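# Topology and contacts: notes
What follows is the residue order along each chain.
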Amino acid sequence: MNDTIQWLLASNEPWTRYRTLVDLLDRPADDAEVKAARQEMLAHVQVRGLIDDAATWPGFALKRHNDAKHPIYALSTLADFGVRATDPGMPSVVEAVMAHQSHEGPFQTKLRLYKRFGGIDGEHWTWMACDAPTLLYALLALGLGEEEQVQEAVQHLVGLVHQNGWRCAAAAELGSFKGPGKREDPCPIANVYALKALSQVPELVDSPATRAGTEMLLWHWGPQCERKLFLFGIGTFFRRLKYPFVWYDVLHVVDVLSRFPFVHGDPRFQDMVNTITDQADESGRHTAASMYRAWKGWSFADKKTPSPWLTFLVLRIQRRLEGTP
């Protein structure tokens, strides 16, 4: 066991210890240390706070999809940690989320819409390609993949993909609404969200949809990309390590891509990984280079001190690549 993993196991973050035991050391769910770390995680004041935040669903009407304080990201972060639908406080959260599903298939969020963007005005329960996949990811990661409602949402998401990946898409009732950029362009963040959700469905991990989406993200990074898509640059801000996984940044993109073994040998992907690993300190630890103020108090929102959780995320990416030529 290397020194960095020992440091993770000695951290005061039970979510980091839990995921390290499971994802880096392959401990089974019934292992005594795993069970203890998981119980400590569920009882931790910060995790209880996230569950309380998620329990306010739908919360306030979402105006912008990179608003890190919205309960959608409390829910997705709980899913990242390994919280389950049956854990204390979670059944009511799941019920609230699943209570609003479009007849088209996606789960809905309460959004603040503006007529000037080609849709309707006011607060509405609806869906877009930059929110519905995050809800789907969370429900799948919480262990609800066998639910008929969830399977309907999966099939709808697969049906939205184009040859160049997922584009800006929204509910039929929003009419001519579209996000920034050209209508035929793929949307980078929609591809990240969609791929993250489909990575939770084993039979879809290697599928035409995921191959289209991963290629879109690799193309956008690679030298053959003749233009960067509007609002989604890959410069200095993109390359800063940041969590939680809210928007389009290098750690989010690489974490998602690493879930698909068929991209591991791609030089473009390996270049993205190197962009992250090169940011480690002399002890192999990682510190946030950017943060969301709404998450102040978490180690991954501290730009001065190495974060056990961020370091774990990088080590997990590297672990997924073991054996790649």
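Refer to the preceding data block for the structure.
One structure accompanies this document, and this report is about it.

Calculation criteria
Along every chain, residues carry numbers that run from 1 in the direction the sequence is written. Local features in this predicted model are restricted to residues whose pLDDT is 70 or higher, and side-chain atom pairs enter the listing and the counts only when it is 80 or higher, whereas totals over whole chains, interfaces and linings include all residues. Neither water nor hydrogens contribute to the side-chain values; these are computed over all heavy atoms in the structure. Each helix is a run of DSSP H or I of at least 4 residues and each strand a run of E of at least 2, with the numbering of both proceeding from the N terminus. The globule rule is 2.2 Å times the number of residues to the power 0.38, and the radius of gyration it is compared with is taken over C-alpha atoms. Remark: exposure states derive from per-residue accessible area (1.4 Å probe, protein chains only) relative to the maximum for the residue type, with buried under 20%, exposed over 50%, and partly exposed in between. Exposure was quantified through the Shrake-Rupley algorithm and a 1.4 Å probe, taking into account, for residues, occlusion by the shown protein chains and nothing else. Between N-to-C directions, angles span 0 to 180 degrees; the directions come from axes that are lines fitted to C-alpha atoms, helices contributing only their stretch in contact. Between 65 and 115 degrees an angle is taken as roughly perpendicular, under 35 as roughly parallel, over 145 as roughly antiparallel, and anywhere else as oblique. Crossings are classed by handedness, with left-handed meaning an anticlockwise turn of the near helix from the far one by less than a right angle and right-handed meaning a clockwise turn. Residue contacts follow a heavy-atom distance rule, with two residues in contact if any of their heavy atoms lie within 4.5 Å. Lys, Arg, Asp and Glu make up the charged group, whereas Ala, Val, Leu, Ile, Met, Phe, Trp, Tyr, Cys and Pro make up the nonpolar group; the residues left over, Gly among them, are polar. Residues belong to one nonpolar core when they are buried, are Ala, Val, Leu, Ile, Met, Phe, Trp, Tyr or Cys, and are joined through side-chain atoms within 4.5 Å. By convention in these notes, a salt bridge is any Lys or Arg side-chain nitrogen within 4 Å of a carboxyl oxygen on Asp or Glu. Each Phe, Tyr or Trp ring (for Trp, its six-membered ring) is paired with any other whose centre lies within 6.5 Å, and the angle between the two planes then decides the class: stacked below 30 degrees, edge-to-face above 60, tilted in between. As a reminder, the over-ring test applies to NZ of lysine and CZ of arginine, requiring each to be within 6 Å of the ring centre and within 35 degrees of the ring normal. Expected helix span is taken as 1.5 Å per residue step, with the number of steps being one fewer than the number of residues.

Turning our eyes to something else, we now look at the overall build of the chain. The helix and strand tally for the chain stands at 13 helices and two strands. Compactness check: the chain gives a C-alpha radius of gyration of 19 Å against a globular reference of 20 Å for 325 residues, within 12% of the reference. Considering only C-alpha atoms, the chain reaches an extent of 55 × 45 × 35 Å along its principal axes. Residues counted as buried form 56% of the 325 residues belonging to the chain. Of the roughly 14,200 Å² of accessible surface on the chain, 50% is carried by carbon and sulfur atoms.

At a closest axis distance of 11 Å, the pairing of helix α8 (residues 148-159) and helix α9 (residues 188-198) adopts a crossing angle of 135°. The orientation of α8 relative to α9 falls into the category oblique. Between α8 and α9 lies a crossing whose hand is left-handed. Contact residues: α8 offers Val154, Leu157 and Val158, while α9 offers Ala194, Ala197 and Leu198. Split by residue class, the contact of α8 with α9 holds six nonpolar, no polar and no charged.

A separate point is the nonpolar core. Core analysis: the largest hydrophobic core is formed by 111 residues, its most contacted members being Phe81, Tyr248 and Leu251. Those residues in contact with Phe81 that lie beyond four places of it in its chain are Trp15, Tyr18, Arg19, Met41, Val47, Leu50, Tyr243, Trp298, Phe300 and Trp309.

Under the definition given, this model contains 15 salt bridges. Taking the shortest distance from any N to any O, the salt bridge between Arg19 and Asp23 comes out at 2.9 Å. Residue Arg19 and its partner Asp23 are both found in helix α2 (residues 14-24); the two are separated by four residues, about one turn of the helix. Residue classification places Asp23 among the buried residues on the basis of a relative accessible area of 19%.

Under the defined criterion, the tally for this structure stands at 16 aromatic pairs. When the ring of Trp15 is compared with that of Trp298, the centres are 5.1 Å apart and the planes differ by 55°; the resulting orientation is tilted. Of the two residues, Trp15 is situated in helix α2 and Trp298 in the loop between α12 (267-277) and α13 (308-320); the sequence distance between them amounts to 283 residues. Judged by relative accessible area, which is 9%, Trp298 ranks as buried. With a centroid separation of 5.4 Å and 20° between ring planes, the pair formed by Trp298 and Phe300 is classed as stacked. Assessed through its relative accessible area of 0%, Phe300 is described here as buried. Here the aromatic residues Trp15, Phe81, Tyr243, Phe245, Trp295, Trp298, Phe300, Trp309 and Phe312 are joined through ring pairs into a cluster of three or more. Across the ring face of Tyr137, the terminal group of Lys196 is positioned such that the distance to the ring centre comes to 5.0 Å. Over the aromatic face of Tyr292 sits the side chain of Lys242, whose NZ or CZ is 3.9 Å from the ring centroid.

Once that is clear, we can look at α8. Compared with the 16 Å implied by 1.5 Å per residue over twelve residues, the 17 Å span of α8 between its first and last C-alpha is a close match. Turning to α8, the residues buried within the fold contact α6 (90-98), α7 (132-141) and α9.

This part covers the packing of α9 against helix α10 (residues 208-221). Relative orientation of the contacting elements α9 and α10 amounts to 140°, with a least axis distance of 10 Å. When the axis of α9 is compared with that of α10, the two are oblique. Relative to α10, α9 is oriented so that their crossing is left-handed. Counted together, Pro188, Asn191, Val192, Leu195 and Leu198 of α9 and Ala209, Thr210, Gly213, Thr214, Met216, Leu217 and His220 of α10 form the full contact between these two elements. Of the residues belonging to the contact of α9 with α10, the class tally is seven nonpolar, five polar and no charged.

With that settled, the discussion passes to the environment of Tyr248. Its place among the elements puts Tyr248 in the loop between α10 and α11 (250-257). Since its relative accessible area comes to 8%, Tyr248 is described here as buried. Considering only alpha carbons, one finds Tyr248 and Tyr193, 55 residues apart in sequence, at a separation of 9.6 Å. Not counting the four nearest positions on each side in its chain, Tyr248 is found in contact with Pro188, Ile189, Val192, Leu217, His220, Phe232, Gly233, Ile234, Phe238 and Val253.

That is the geometry; function is a separate question.
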